[in-house]
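Structure assessment
One-letter residues, chain by chain:
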Amino acid sequence: MAKRFYRRMVNMKNGKSKIRIALLGTRGIPAGYGGFETFAEQLSVRLAERGHDVTVYGRSNYIRTQDKTYRGVRLVVLPNVMHKYLDTPVHTLVCTLHALFRRYDVYFYCNSANAFSTLLPRIAGKKVVLNVDGMEWKRAKWNAFGKAVYRVSEIMATVIPQCVVTDARSVQEYYEARFRKRSVWIPYGTPSGRLTSADTLKPWGLK
């Protein structure tokens with residue numbers, strides 16, 4: 001299913017087979033900080049350019065623009081809890097409840113911490129994709145409780161969504177070895193082309 005869905009999104013042209021996609025679990029776009037936000041912007045804009053109907057949910061303390069759209073992508077900004085551990089999961093749950101009353105075909109989540117929120121659209125019979133990113137429980141910024149939550153979320157990520165996305169081979173191998181869960185590997189890219197930096201270096205006497 002995952003490969004068929006991905007192929008359908010990439011190959012869709014001229015407004016045929018339009019997919020209504022909700023992207024949840026990030027701070028929102030336009031991206032000003034964070035890998036997930038950059039990913040959300042690049043993915044949503046490119047899908048919109050291919051003719052899909054894309055909505056990105058964002059957090060009110062992060063998204064300052066009053067615009068309802070960004071480069072063809074619909075923006076929905078909802079309030080969030082200003083708390084290190086509750087910010088992401090609570091906001092994603094609120095966004096999920098909002099999204100369930102809209103007619104989306106696919107719910108695309110970012111961050112394995114949001115795995116529990118993917119249960120609601122699955123119960124509603126929707127297609128659910130989760131980009132798990134890396135192994136967050138290894139990061140020093142989380143206390144014992146935070147690490148435990150991410151451990152549990154990893155397990156839920158392998159059970160609830162129909163499709164799991166990984167952006168690194170090492171993460172893909174980890175999920176397959178530990179949970180026997182196959183994922184779709186979608187590596188990040190970077191804009192190509194020559195950049196002119198002369199104006200930036202000139203004040204410093206550099207070439």
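Provided above is the structure to which this section pertains.
Residues numbered from 1 in each chain as written. Predicted model: local features only at pLDDT ≥ 70, side-chain atom pairs only at ≥ 80, totals over all residues. Heavy atoms only, no water.

Structural notes on a nonpolar patch on the surface
Side chains of Leu93, Leu97 and Phe116 sit close together on the surface and give an oily, nonpolar patch of about 230 Å² of accessible area. Looking at the element boundaries, leucine 93 is found in helix 3 (residues 87–99). (Patch = residues over 30% accessible without salt bridge, like charges linked within 9 Å, V, L, I, M, F, W, Y side chains within 5 Å. Areas by Shrake-Rupley, 256 points an atom, 1.4 Å probe, with all protein chains shown as cover. Salt bridge = Lys/Arg side-chain N within 4 Å of Asp/Glu carboxyl O. Helix = DSSP H or I, 4+ residues; strand = E, 2+ residues; numbered from the N terminus.)

A few points about the sheet that holds strand 2 (residues 53–59)
In spatial order, the strands read 3-4-2-1-5-6-7-8; together these 8 strands make up an open sheet with mixed pairing. The strands lining the two open edges of the sheet, one partner per strand, are strand 3 (69–70) and strand 8 (184–185). (Pairing = 2+ DSSP bridges.)

Comments concerning the side chain of glutamate 41
Mapped onto the secondary structure, glutamate 41 falls in helix 2 (residues 35–49). Side-chain polar atoms of glutamate 41 contact the side chain of tyrosine 70, separated by 2.8 Å. Beyond its immediate sequence surroundings of up to four residues, glutamate 41 is in contact with Ile29, Pro30, Ala31, Tyr70 and Arg71. (Polar contact = N/O pair within 3.5 Å; in protein donor to acceptor, adjacent residues only side chain to side chain. Contact = heavy atoms within 4.5 Å.)

Focus: the environment of aspartate 53
Tracing the backbone through its elements, the reader meets aspartate 53 in strand 2. Considered as a pair, aspartate 53 and glycine 25 are 28 residues apart in the sequence and their alpha carbons are 18 Å apart. The contact partners of aspartate 53, leaving out residues within four places of it in the chain, are Lys18, Ile19, Arg20, Ile21 and Arg74. Of note is the side chain of aspartate 53, whose polar atom sits 2.9 Å from the side chain of arginine 74.

Side note on the nonpolar core
As a rule of thumb, nonpolar side chains are buried together in soluble globular proteins. Grouped together as the largest cluster of nonpolar side chains are 21 residues, with contacts concentrated most on Ile21, Leu23, Ile29, Val73, Phe108 and Val129. Ranked by residues supplied to this core, first place goes to helix 2 with 6 residues. Leaving out residues up to four positions away in the same chain, isoleucine 29 has contacts with Glu37, Ala40, Glu41, Ser44, Val56, Ile63, Tyr70, Val73 and Leu75. By size, the runner-up hydrophobic cluster in this structure holds 19 residues, among which are Tyr57, Ala99, Leu130 and Tyr174. (Core = buried A, V, L, I, M, F, W, Y, C linked by side-chain atoms within 4.5 Å. Buried < 20%, exposed > 50% of the residue type's maximum accessible area, 1.4 Å probe, protein only.)

Remarks on helix 5 (residues 144–157)
Taking 1.5 Å per residue as the helical rise, helix 5 with its 14 residues ought to reach 20 Å, and the 20 Å between its terminal C-alpha atoms agrees with that figure. Taken together, the buried positions of helix 5 are Gly146, Tyr150, Ser153, Glu154 and Ala157. Across the axial projection of helix 5, the buried residues extend over an arc of 105°, all falling on one side. Facing away from the buried side of helix 5 by over 90 degrees, the exposed positions are Ala144 and Phe145. On its buried face, helix 5 sits against strand 6 (127–131), strand 7 (163–166) and helix 6 (169–179). (Expected span 1.5 Å × (residues − 1). Arc of directions from axis to C-beta.)

Side note on the pairing of strand 4 (residues 73–78)
By the bridge criterion, 5 bridges tie strand 2 to strand 4 in an arrangement that is parallel. Considered in strand 4, the bridge of valine 56 is made with leucine 75.

What about the side chain of threonine 166?
Position of threonine 166 among the secondary structure elements: in strand 7. What makes threonine 166 buried here is its relative accessible area of 0%. A polar atom in the side chain of threonine 166 sits 2.9 Å from the side chain of serine 183.

Let's talk about the packing of helix 5 against helix 6
Axis separation between helix 5 and helix 6 bottoms out at 11 Å; the angle between their running directions is 80°. The pairing of helix 5 with helix 6 is recorded here as roughly perpendicular in orientation. Along the contact surface, helix 5 presents Arg151, Glu154 and Ile155, while helix 6 presents Tyr174, Tyr175, Arg178 and Phe179. For the contact of helix 5 with helix 6, the per-class residue count stands at 4 nonpolar, no polar and 3 charged. (Axes fitted to C-alpha atoms, helices over the stretch in contact; angles between N-to-C directions. Parallel < 35°, antiparallel > 145°, perpendicular 65-115°, else oblique. Nonpolar A, V, L, I, M, F, W, Y, C, P; charged D, E, K, R; others polar.)

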